[in-house]
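A closer look at the structure
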Amino acid sequence: GIQVEQSPPDLILQEGANSTLRCNFSDSVNNLQWFHQNPWGQLINLFYIPSGTKQNGRLSATTVATERYSLLYISSSQTTDSGVYFCAVRAGGTSYGKLTFGQGTILTVHP
Amino acid sequence: GAGVSQSPRYKVAKRGQDVALRCDPISGHVSLFWYQQALGQGPEFLTYFQNEAQLDKSGLPSDRFFAERPEGSVSTLKIQRTQQEDSAVYLCASSRTDNQPQHFGDGTRLSIL
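Described below are features of the structure shown in this document.

Regarding the environment of Leu59 of chain A
Considering the arrangement of structural elements, one finds Leu59 of chain A in strand E7 (residues 59–64). As for Leu59 of chain A and Tyr69 of chain A, which are separated by ten residues in sequence, their C-alpha atoms are 17 Å apart.

Encoded structure:
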């Protein structure tokens, strides 16, 4: 099946810093989502971005499907950004919409 | 409702007991998914429903796991004869159609003693 690798596995920032999280996938995809799992375990939708670039406030994402990667940018980080960031993909050619998740990037933002 | 609702939020059971976990998807969402998340890992797919039809159950780890969605809305994941390795967070997600963004509930944290 499709492989999803996220980097870095851990990231520690001071409040106000910028960061880039990466997601590589091993095969073509027709769906890609970024999620933030907060310390209470809730999975929050950030982006639905099978291709192209989107922005939402301090967050933006870019997916280059032909090169099999996606990037999540966090600018001016805040302590509330702490948590685990997951990339999840639906493999191209998959009959149904099940998502395959990466292992996540654990982000800690210190005040 | 406004979001995906799961209950109970926490469940503690003794090894060997049966448990039932409930998912109430976003109204009108055709597709419903169950995932299992072990500690420190990303969620893993269990099963998929399109309306009341279970079209993919390839992720169910054993025949002790059973899911249903009889009227195409609320779904129940049942685990029979629970074992310690079943301890995990069980997440439900729904989407408007098969290839639309999935929206997740808060999950049920299951602990088997």
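Observations regarding the sheet that holds strand E8 (residues 69–74) of chain A
All names here are of chain A. Judged by pairing direction, the sheet is antiparallel, and its five strands sit side by side in the order E1-E3-E8-E7-E6 without closing on themselves. Both outer strands of the open sheet, strand E1 (4–7) and strand E6 (52–56), are each paired with one neighbouring strand and no more. On average, adjacent strands in this sheet sit at an angle of 15° to one another, irrespective of strand direction.

Section: the state of the cysteines
All names here are of chain A. The final tally for this structure, using the stated rule, is two disulfides over all chains. Between the sulfur of Cys23 and that of Cys87 lies a disulfide, 2.1 Å long from S to S. Every disulfide takes its handedness from the sign of the S-S torsion; for Cys23 and Cys87 that torsion is -60°, giving left-handed. Placement of Cys23 in strand E3 (residues 19–25) and of Cys87 in strand E9 (residues 83–91) is noted, with a sequence separation of 64 residues between them. As far as the burial class goes, Cys23 and Cys87 line up, both buried.

Overview of the sheet that holds strand E7 (residues 65–68) of chain B
Residues and elements named next belong to chain B. Spatial strand order, E1-E3-E8-E7: four strands in an open sheet with antiparallel pairing. The open sheet terminates on both sides in strands that have one partner only, identified here as strand E1 (5–7) and E7. Across the sheet, the mean angle separating the axes of adjacent strands is 15° when strand polarity is ignored. In this sheet, strand E3 (residues 19–24) lies alongside E1 in antiparallel orientation, the contact comprising three bridges. Residue pairing across strands places Gln6 opposite Cys23, the latter belonging to E3.

Observations concerning the interface of chain A and chain B
Counting from both sides, the interface comprises 21 residues of chain A and, opposite them, 21 residues of chain B. Of the roughly 1800 Å² buried between chain A and chain B on both sides combined, carbon and sulfur atoms contribute 46%. At the surface where chain A touches chain B, the tally comes to one salt bridge. On inspection of chain A and its partner chain B, the count reaches 14 residue pairs in polar contact (both at pLDDT 80 or more). Among the secondary structure elements, those contributing two or more residues to the side of chain A that touches chain B are strand E4 (29–37), strand E5 (43–48) and E9 of chain A. When residues of the side of chain A that touches chain B are assigned to their parent elements, the largest contribution, five residues, is made by E4 of chain A. Of the residues assigned to the side of chain A that touches chain B, the class counts are eight nonpolar, eleven polar and two charged.

The rules behind each value
Residues numbered from 1 in each chain as written. Chains lettered and ligands numbered in written order. Predicted model: local features only at pLDDT ≥ 70, side-chain atom pairs only at ≥ 80, totals over all residues. Heavy atoms only, no water. Helix = DSSP H or I, 4+ residues; strand = E, 2+ residues; numbered from the N terminus. Pairing = 2+ DSSP bridges. Axes fitted to C-alpha atoms, helices over the stretch in contact; angles between N-to-C directions. Disulfide = S-S within 2.5 Å. Buried < 20%, exposed > 50% of the residue type's maximum accessible area, 1.4 Å probe, protein only. Contact = heavy atoms within 4.5 Å. Buried area = accessible area lost by both parts, 1.4 Å probe. Salt bridge = Lys/Arg side-chain N within 4 Å of Asp/Glu carboxyl O. Polar contact = N/O pair within 3.5 Å; in protein donor to acceptor, adjacent residues only side chain to side chain. Nonpolar A, V, L, I, M, F, W, Y, C, P; charged D, E, K, R; others polar.

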